[in-house]
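These are the residues of each chain, in order.
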Amino acid sequence: MTSDTSVPIARVHDLPDLLGVIPHLLGFHPEESMVLVVIDDGCVQLTARADLGDVGSPGHLELLIDRMLVRWPSGGMWLVAYTVAEAEGWRLLERARDHLGQTLVGDPICVVGPYYRAGDSAGPVFPHDPKASITAVAATVHGLQARPSRAMLAELVRPDPREARVVEDVWVRALERVLAIDPARRPDELMRALRRALADPAAVRPDDLAWLGLLINDPFARDRAVLSLQRPKAGAWVELWTRVVRACPNGTQDQALAVLALAAWVNGDGGLHAVCLEEMDALGIAPGLKRLLESLNEAVAPPSDWDELRLRFSELLDADEDVA
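Now for a quick tour of the structure.

Cut-off values and rules
Residues numbered from 1 in each chain as written. Predicted model: local features only at pLDDT ≥ 70, side-chain atom pairs only at ≥ 80, totals over all residues. Heavy atoms only, no water. Helix = DSSP H or I, 4+ residues; strand = E, 2+ residues; numbered from the N terminus. Contact = heavy atoms within 4.5 Å. Polar contact = N/O pair within 3.5 Å; in protein donor to acceptor, adjacent residues only side chain to side chain. Salt bridge = Lys/Arg side-chain N within 4 Å of Asp/Glu carboxyl O. Buried < 20%, exposed > 50% of the residue type's maximum accessible area, 1.4 Å probe, protein only. Phe/Tyr/Trp six-rings, centres within 6.5 Å; stacked < 30°, edge-to-face > 60°. Lys NZ or Arg CZ within 6 Å of the ring centre and 35° of its normal.

On to the environment of Arg67. Mapped onto the elements of the fold, Arg67 is located in helix H3 (residues 60-71). Along the backbone, Arg67 and Arg243 are 176 residues apart, and their C-alpha atoms lie at a distance of 34 Å. Here Arg67 is in contact with Asn297, Glu298 and Val300, once residues within four sequence places are set aside. A distance of 2.7 Å separates a polar atom in the side chain of Arg67 from the backbone oxygen of Asn297.

The final tally for this structure, using the stated rule, is 22 salt bridges. Of the charged contacts, one joins Glu294 and Lys290 as a salt bridge, the two residues approaching to 2.5 Å between their closest N and O atoms. Note that Glu294 and Lys290 are positioned in helix H14 (residues 288-298) at a spacing of four residues, about one turn of the helix. For Glu308, the salt bridge goes to Arg312, with nearest N and O atoms at 2.5 Å. Taken together, the residues Glu308 and Arg312, both in helix H15 (residues 306-323) and four residues apart, mark about one turn of the helix. A relative accessible area of 46% means that Glu308 is categorised as partly exposed. Arg312 sits in the partly exposed class, given a relative accessible area of 48%.

Turning to the packing of aromatic side chains, a few remarks are in order. According to the stated counting rule, one finds three aromatic pairs in the structure shown. Consider the rings of Trp265 and Trp306, whose centres lie 6.4 Å apart with planes at 85°: the pair is edge-to-face. Linking Trp265 in helix H12 (residues 254-266) with Trp306 in helix H15, this pair joins segments that are 41 residues apart in sequence. Exposure class is identical for Trp265 and Trp306. Each is buried. Members of the aromatic cluster, each reached through a chain of ring pairs, are Trp265, Trp306 and Phe313. Residue placement shows Arg71 over the ring face of Trp72; its charged tip is 5.0 Å from the ring centre. Geometry around Trp211 places Arg177 over its ring, the cationic atom sitting 3.9 Å from the centre.

The quantities given are spatial measurements derived from coordinates; they are silent on function.
Okay, structure coming up:
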């Protein structure tokens, strides 16, 4: 899972600054995690997080490191382990240190609840209070939230079961609207509704959220909508499509969830992006957009790549229309 920091949000001067900004780059306060921060050209280029249990087996952590350094061959890397089992955290950090060699930036860090050590397991103990750092304040001002846990982040992409009846009723009304229009009009209808909704995502009515959730299932409408996503507006897309996903009855949110995953990736919200993909796996759904996002993850592609990808996909779509 990765996050991107294409737009500078703060300057990191010391370890408390680094530890203060990491939860905001991830979208939540990590637990039992290995966090790898790629530095290149004096800036944080990418932040990756993996469960400690997933990188404990021989070769897994090293493979993750290599995938990131292939993308940034001239970069360096910070290593931070978050765990209640300090000995295990240091075991993994030492493995990573041996693998990185001179590519390691600074001392590895092991965070254990209210304290951390740097360098090795015998180093001095320092207090850990990420919320008190200047970088955490700066990240919050820039709109990067740090939720208390990853589980809380996952709740954002699940319909509220207490609202199931209301959501179903609204969905039925919207479905009647969709069935009443010519299918050829759906792309234009979606784009019109999307432009209105993005102007103020928090104010969109439930009926209009359901309207978006239904129209996005039309493949021609979805392609036009996806290709209209631009990075400066990605935050508004995340806010809107989070609400759309929660306005879909359970079992109908696959395309909306995929669009949210894309918007989260483009916005640099790696935590939300990963949670969306996991939710699609749990639901047993695999829209085409999901496969694209998985390929981008495998390539460790940063969100800044979206500008070029969007242009390429637009050219391909235009070429298909010319052939047709």
